[in-house]
Amino acid sequence: MSTVRTQSSPIEEAHVDDAGDVSPVARVVDVEGIPMSALVAEAPEPRAVIVALHGGAARAAYWDCPGHPELSMMREAVTYGFTVIAPDRPGYGESRPHRDELGDPERRVDLAYRAVDALLGTAPRGAGLFLWGHSVGSELTTRMAVENRHDEVLGIELSGTGREHHALAAGILGTRERYANARGVGELLWTPAELYPPDIVGGAVIAARTPDYEADVTAGWPTVDFPALAAQVRVPVHFTAAEHEKVWRNDPHALEDVAAMFTAAPGVTLHLHPGGGHNLSIGFAGPAYHRTVFAFVDECIAHQEAPAQ
């Protein structure tokens with residue numbers, strides 16, 4: 001059974017190494033004829049590698065807030081001794097021309113793992129991989145954790161997702177049969193506007209077209225795929241809900257329902273992050289949120305090293 005620890009505020013800041021300002025680099029690798037693009041920020045001697053997977057209708061730039069380096073998860077991670085690989089998920093970025101070939105979730109998992117391997121090459125990985133997913137990116141994150149290729153996944157962080165939609169989302173989100181109310185979705189994702197820099201609100205600077213297969217992903221995620229996959233995750237889980245989340249329920253009962261699905265995980269940590277909205281990593285609350293997750297990665301490294309000690 002999982003153990004649950006609920007956090008209502010950021011945990012104590014971890015030690016920061018003097019790594020300087022590292023700008024993420026855009027790279028493209030070929031995976032069996034499919035180009036996979038990504039942003040990469042490398043620490044000289046990483047303690048672990050974070051694989052960060054963006055949400056729907058966005059690019060990897062979500063993790064390196066355009067025009068606001070002070071909010072960048074990737075830049076901050078390097079100062080904590082972590083390398084970050086932020087792929088454009090299959091069907092996004094350079095792989096978009098192949099989007100109609102990527103409906104099979106197993107193929108998307110394979111592409112993601114192969115892209116990470118190609119991007120890292122012989123570079124050090126430290127203690128292993130930590131998987132970090134936002135919104136729709138939580139689906140690929142959870143599937144990758146279940147496969148746990150090379151048995152090197154340390155743990156996972158999920159945010160901007162859940163088992164039941166918020167009451168405010170009723171009638172706004174789309175279905176297979178009905179398009180979403182675009183203006184309403186924008187309000188769910190980007191309000192209160194004061195949580196974000198003015199030039200970020202609306203997401204134009206990170207926007208990308210959504211591959212068609214994602215309609216099936218979102219339709220089956222909360223009630224079918226998420227519960228089934230969560231039960232197979234065997235690494236520590238950190239689950240974050242933003243205080244002003246309007247797409248998914250973020251009340252205590254809803255968070256406990258999420259934790260209860262991870263029956264095989266050695267531990268589940270629930271975190272309600274103050275002052276944040278759905279797009280938590282590119283808002284003003286982002287840096288404190290990132291530090292909370294970095295500290296959890298440290299816990300996962302310690303958990304992995306405990307048997308050897």
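See the structure above.
For clarity, every value in this text was computed on a predicted model and none was experimentally measured.

> How should I be thinking about the packing of helix α3 (residues 137-147) against helix α5 (residues 214-230) in this particular structure?
Two packed helices can be described by the angle between their axes and the distance between those axes. Closest axis-to-axis distance for the α3/α5 pair is 11 Å, and the angle between their directions is 25°. Taken together, α3 and α5 sit at an angle that is classed as roughly parallel. In terms of crossing hand, the pair formed by α3 and α5 is left-handed. In this structure, α3 contributes S138, E139, T142, R143 and V146 to the contact, and α5 contributes V217, W221, D225, L229 and A230. Residues of the contact of α3 with α5, tallied by class, amount to five nonpolar, two polar and three charged.

> I would appreciate a short explanation of the nonpolar core in the present structure.
Across soluble globular proteins, you tend to see nonpolar side chains buried next to one another. With 53 residues, the main nonpolar core has L131, M144, I156, F226 and F262 as its most contacted residues. With residues up to four places along the chain from it excluded, the contact list for I156 reads F130, L131, T141, A145, V233, V235, P236, V237, H238, F262 and F296. Counting 41 residues, the second largest nonpolar core, distinct from the first, contains A48, F82, F294 and I301.

> Sorry, what's going on with the pattern of salt bridges here?
Taken as a whole and assessed by the stated rule, the structure comprises 17 salt bridges. With a shortest N-O distance of 3.2 Å, E32 and R114 are connected by a salt bridge. Of this pair, E32 sits in the loop between β2 (25-31) and β3 (34-41) while R114 is found in helix α2 (residues 105-120), placing the two residues 82 residues apart along the sequence. Note on E32: relative accessible area 60%, which makes it exposed. Note that R107 and E101 form a salt bridge whose closest N and O atoms lie 3.8 Å from each other. Since its relative accessible area comes to 31%, R107 is described here as partly exposed. Here the salt bridges do not stand alone but share partners, grouping E32, D110, R114, E147 and R149 into one network.

> Before we go on, may I ask you to explain the packing of α2 against α3 in this structure?
For the pair α2 and α3, the least separation of the axes is 10 Å and the interaxial angle reads 80°. One way to sum up the angle between α2 and α3 is to call them roughly perpendicular. Here α2 contributes P105, R108, V109, A112 and Y113 to the contact with α3, which in turn contributes E139, L140, R143, M144, A145 and E147. When the residues that make up the contact of α2 with α3 are grouped by side-chain class, the tally is seven nonpolar, no polar and four charged.

> Mind showing me how you'd approach the packing of aromatic side chains here?
Each pair of aromatic rings is reported with the distance of its centres and the angle of its planes. Per the counting criterion, the structure on display carries 10 aromatic pairs. When the ring of W63 is compared with that of W132, the centres are 5.7 Å apart and the planes differ by 65°; the resulting orientation is edge-to-face. Of this pair, W63 sits in the loop between β4 (48-53) and α1 (73-79) while W132 sits in strand β6 (residues 129-134), and the two are 69 residues apart along the sequence. Across the pair, exposure class does not vary: W63 and W132 are buried alike.

> Please explain the side chain of S281 as it appears in this structure.
Of note, S281 is situated in the loop between β9 (268-273) and α7 (286-305). Look at S281 and you get buried, because its relative accessible area is 1%. Polar contacts involving the side chain of S281 include one to the side chain of H290, which spans 3.0 Å. In contact with S281, other than residues within four places in its own chain, are Y62, W63, L71, G286, Y289 and H290.

Conventions we followed
- Per chain, residues are indexed from 1 in the order of the written sequence.
- Since the coordinates come from a predicted model, pLDDT governs what is reported: local features require at least 70, and pairs of side-chain atoms require 80 or more to be given and counted, while whole-chain, interface and lining totals use all residues.
- The side-chain values count all of the structure's non-hydrogen atoms but skip hydrogen atoms and water molecules.
- The axes are straight lines fitted to the C-alpha atoms, using for helices just the contacting stretch, and the angles between their N-to-C directions are given from 0 to 180°.
- Only DSSP runs of H or I with at least four residues qualify as helices, and only runs of E with at least two residues qualify as strands; both kinds are numbered from the N terminus onward.
- An angle below 35 degrees is treated as roughly parallel, one above 145 as roughly antiparallel, one from 65 to 115 as roughly perpendicular, and anything else as oblique.
- Left-handed describes a crossing in which the near helix is turned anticlockwise from the far one by less than a right angle; the clockwise case is right-handed.
- Only heavy atoms matter for contacts: two residues are in contact if any of them lie within 4.5 Å across the pair.
- Gly counts as polar in this scheme, as do all residues outside two lists: the nonpolar Ala, Val, Leu, Ile, Met, Phe, Trp, Tyr, Cys and Pro, and the charged Asp, Glu, Lys and Arg.
- Only buried residues count toward a nonpolar core. Its members are Ala, Val, Leu, Ile, Met, Phe, Trp, Tyr and Cys residues joined through side-chain atoms within 4.5 Å.
- For each residue, the accessible area found with a 1.4 Å probe, counting protein chains only, is set against the maximum for its type, and the residue is called buried under 20%, exposed over 50%, and partly exposed in between.
- Salt-bridge detection follows one rule: a side-chain nitrogen of Lys or Arg within 4 Å of a carboxyl oxygen of Asp or Glu.
- In this analysis, rings of Phe, Tyr and Trp, with Trp reduced to its six-membered ring, are considered paired at centre separations within 6.5 Å, and the interplanar angle assigns stacked below 30 degrees, edge-to-face beyond 60, and tilted for intermediate values.
- Pairs of N or O atoms within 3.5 Å make up the polar contacts considered here, provided that, within protein, one atom can donate a hydrogen while the other can accept it, and that residues adjacent in sequence are counted only when both atoms are side-chain atoms.

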